[in-house]
Amino acid sequence: MSTRKLLVALGATLALSASTAVAQSPGLGKNITEADIKAWDIAVLPDGSNLPPGSGTVAQGAAIYKQQCALCHGEGGVKPAPGYAPMVGLQKWDRMDAPKTITYYEFATTIFDQVRRGMPYMSPRTLNDDQVYAVTAYLLAINKLIGEGDVMDAKSLPKVKMPNAGKFIIRFPDRI
Amino acid sequence: MSKDKHQKTLDSLPPVAGNGLLDRRALLGQGILMAGAAVAGVGASATGAAAEPLKDDPWSTTMGGPTPLRQQPSKFEKHVVRVLSNLKHEPRNSHARTPHHLINGSITPSALHFTINHSGIPDIDPAKHRLVIHGMVRQPKIFSLEDLDRYPMVTRTAFIECGGNSAPMFSSEPMQVTAQALHGLVSNSEWTGVMLSTLLDEVGVDPKASWFLAEGGDSCALHRSVPIKKGWDDAMIALYQNGERVRPGTGYPMRLLLPGYQGNMNVKFLRRIKLIDQPAMSFYEAKTYSQVLPGERLWKFHFLQEVKSFITHPSFGHSLKGPGYYDISGVAYSGTGRIARVMVSADGGKSWAEAALQGPTNPQAFTRFRAPWRWDGKPAILQSRAWDEAGNVQPLRAEIIANRGQSSQPVTNPNVFINQHYNSITSWGIDGKGEIKHVYA
């Protein structure tokens, strides 16, 4: 039963339309500006929306990776610590236990987003945006998805062609 | 009825399916019959059992212990615990699984609710925690817990299931582990909170917004994208679980509840909702919770936890104490509504008997099912299969493996998530001695 039906069944009249719901809600939310949300507003979208200014090169990324990432994810993205999937390797996904490496991602923006929000694991959000672009560039380069001389920034990153782009079937389209 | 007569009545019940499954109506409105039957089932013989003469035990003759502020389970129940995947608190995710084979009923005790946390459990001060809703809205707003406590609330029951629950069932060989290890990443609670639709109305959603992202206040800032439909339909900002504040491991002080959807989407420590016009393709939706299928097919947005059931009693880790009566029971649930029917087999699926459902059956919630069974002491294979009110049926193992595949090599570690969204049948093989194994049948 949908919540709306549930509420109807309970004899309540909440949320049946925008106007009645607003009228009956205490309206205690305080206004806030997008500028004041900025520190939390870190999610990047596949079309590149919300990518920050800045840029990074493959070479810069290699140095950061060696220092900050290799301990868990393995030198050069291979032979990671036990329990971690390699960053490079297989590019064919035809069985459920094939490791999902960097090339698995449909959009390069996901890599930037995950590095920025969650890495390094013990001190997330300590890399600056240039460093995150650089690490992202390095991860794409070791998978030959960009060239060694390419620079990643808000314009170039969403344009990186990922081999699995468009290949995912939406499991339950009627739910979207 | 005398005890002998109970037994006689039980013995006279004709089996309705192979290997001694009895009519579920034996369970309905006949408490006296079943009470007697249960006693008879424990001992091998129902007649002339030699009981010791009764006397008072020590706890009956002196004043008992003091009353605690907060109750704990009996010291005799110390074995009823979750199993953990990360005992040393290493810098990685941590799973705790519900001991389904050691509990009964339909509500999971909060202390035993499964949890998966990807960067530990944050120590959140509820007075400082904030929920912000912004993006494609008329007016971004921020809410404190104190604010939300004044909003109209709704109470409902819902299961939450990790998309990777039952992943060991994709192993090419049956893993010899308990229902807890196989299926312990699903639990069922009563949740109380504010409907997200109420807050969406307050901020005024741009009609072009088609998704929202939900993000937690934990150090990995876990975020997931959710179709806006679900936000208007039945999404809740849950503040209470089984009557008390949501516990820290379960998302204190507030979590998103998306009834019937992948556990990972029910974002804990919820601090931000942003209305957007495309899915964010976060790490968890782009990688972890997408599926690789045979033939180089890839699935994404497998939000639904589809109809499923499994037998918890008896199951691996138990043993049968001789022929006689047993209460087969388990849980059934579906992300697409109420459970409509559960069938139980004792002969590996050759014949089926309808199980009794313990009502009321709630949508997207556990329904406990029971089937009376007279075991004759010979090998048996117990299975359950569920249907929901939308007409969905739990697939047979052969069907799901044909479509989804299985591991290349047998997997023995239940913490290896080979794949997600396994909702087929679980089979418990019982040998002539009453020992129980996990089998594929």
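Notes on the structure in this doc start here.

Calculation criteria
- Residues numbered from 1 in each chain as written.
- Chains lettered and ligands numbered in written order.
- Predicted model: local features only at pLDDT ≥ 70, side-chain atom pairs only at ≥ 80, totals over all residues.
- Helix = DSSP H or I, 4+ residues; strand = E, 2+ residues; numbered from the N terminus.
- Rg over C-alpha atoms; globule rule 2.2 N^0.38 Å.
- Buried ≥ 20, exposed ≤ 12 C-beta atoms within 10 Å, placed from the backbone.
- Contact = placed C-beta atoms within 7 Å.
- Nonpolar A, V, L, I, M, F, W, Y, C, P; charged D, E, K, R; others polar.
- Pairing = 2+ DSSP bridges.
- Axes fitted to C-alpha atoms, helices over the stretch in contact; angles between N-to-C directions.

So, about the overall build of chain B. Of the regular secondary structure elements, chain B holds eight helices and 26 strands. Since a compact globule built from 441 residues should have a radius of gyration of about 22 Å, the 24 Å found for chain B is in line with a globular shape. Over its C-alpha atoms, taken along the principal directions, chain B stretches across nearly 75 × 65 × 40 Å. Considering chain B as a whole, with its 441 residues, one finds that 52% of them fall into the buried category. For chain B, restricting intrachain contacts to residue pairs at least 6 apart in sequence, the fraction spanning at least 24 positions comes to 73%.

Since the α-helix advances by 3.6 residues per turn, residues separated by three or four positions end up pointing in the same direction. Burial of helix α6 (residues 109–118) of chain A is extensive: nine of the ten residues sit out of reach of the surface. What α6 of chain A keeps buried is the set Thr109, Thr110, Ile111, Phe112, Asp113, Gln114, Val115, Arg116 and Arg117 of chain A. In this fold, the buried residues of α6 of chain A make contact with α7 (129–142) of chain A together with α7 (283–288) of chain B.

Contacts between the two partners involve 58 residues from chain A and, on the opposite side, 60 residues from chain B. Secondary-structure elements contributing two or more residues to the side of chain A that touches chain B are α1 (3–9), α2 (18–24), β1 (30–31), α3 (34–37), α6 and β4 (168–170) of chain A. Among the elements that take part in the side of chain A that touches chain B, α6 of chain A stands out by supplying six residues, more than any other. Here the side of chain A that touches chain B is built from residues that sort into 30 nonpolar, 14 polar and 14 charged. Taken together, the two bridges between β1 of chain A and strand β7 (residues 141–144) of chain B define a ladder with antiparallel strand orientation. When the sheet's bridge partners are listed, Lys30 of chain A is paired in β7 of chain B with Ile142 of chain B.

An order of β4(A)-β17(B)-β16(B) is seen for the three strands of this open sheet, with the pairing classed as mixed. Each of the sheet's edge strands pairs with one partner strand only, and the pair in question is β4 of chain A together with β16 (291–293) of chain B. This sheet shows a mean twist of 35° between the axes of neighbouring strands, independent of strand direction. Bridge count for β4 of chain A against strand β17 (residues 297–300) of chain B is three bridges, and the pairing is parallel. Each bridged residue has a counterpart across the sheet, and for Ile170 of chain A the counterpart in β17 of chain B is Lys300 of chain B.

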